[in-house]
Amino acid sequence: MELSMEAPSIDHLDGLALLATALLLVFAYVVYPTPMVKFSVWLVILTIYMTWFCYFGVKWLYDVYM
């Protein structure tokens, strides 16, 4: 039995994470560029990235093993 390790297809949640990250960066560096806002935005982006990374990994493993 050979398992294929192809990446899963991109869906709307992947695009949503990317869009939210871009909007947060625009807010932090263009709209309200204070150090506290920049720091807070980077913490939120880290949270979005880690949540997306876990979601994508589970989606990848679920497609392979199920």
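You'll find the structure just up there.
Now for a look at the structure at hand. Because the structure is a prediction, the values reported are computed rather than measured. (Residues numbered from 1 in each chain as written. Predicted model: local features only at pLDDT ≥ 70, side-chain atom pairs only at ≥ 80, totals over all residues. Heavy atoms only, no water.)

## Description of the overall build of the protein chain
Regarding its fold elements, the protein chain presents two helices and zero strands. Out of the 66 residues belonging to the protein chain, those deemed buried represent 17%. In the protein chain, the proportion of contacts linking residues at least 24 apart, taken out of those at least 6 apart, comes to 68%. When the accessible surface of the protein chain is split by element, carbon and sulfur atoms take 77% of a total near 5,400 Å². (Helix = DSSP H or I, 4+ residues; strand = E, 2+ residues; numbered from the N terminus. Buried < 20%, exposed > 50% of the residue type's maximum accessible area, 1.4 Å probe, protein only. Contact = heavy atoms within 4.5 Å. Areas by Shrake-Rupley, 256 points an atom, 1.4 Å probe, with all protein chains shown as cover.)

## Some words on the packing of aromatic side chains
All chains considered together, the criterion is met by five aromatic pairs. Relative to F56, the ring of W52 has its centre 5.1 Å away and its plane inclined at 25 degrees; by these criteria the two rings are stacked. Of the two residues, W52 and F56 both sit in helix α2 (residues 35-65), four residues apart, roughly one turn of that helix. The class of W52 is partly exposed, set by a relative accessible area of 26%. Linked through ring pairs, Y49, W52, F53, F56 and W60 together constitute an aromatic cluster. (Phe/Tyr/Trp six-rings, centres within 6.5 Å; stacked < 30°, edge-to-face > 60°.)

## Side note on the pattern of salt bridges
For the structure shown, the criterion picks out two salt bridges. Close ionic contact of D14 with K59 constitutes a salt bridge, the shortest N to O distance being 3.4 Å. Here K59 lies in helix α2 and D14 lies in helix α1 (residues 12-31), a separation of 45 residues in the sequence. On the accessibility criterion, K59 (15% relative accessible area) is buried. Three or more residues are tied together by salt bridges with common partners; here these are D11, D14 and K59. (Salt bridge = Lys/Arg side-chain N within 4 Å of Asp/Glu carboxyl O.)

## What to know about the side chain of D14
Judged by relative accessible area, which is 8%, D14 ranks as buried. Polar side-chain contacts of D14 include one of 2.6 Å to the side chain of W52. (Polar contact = N/O pair within 3.5 Å; in protein donor to acceptor, adjacent residues only side chain to side chain.)

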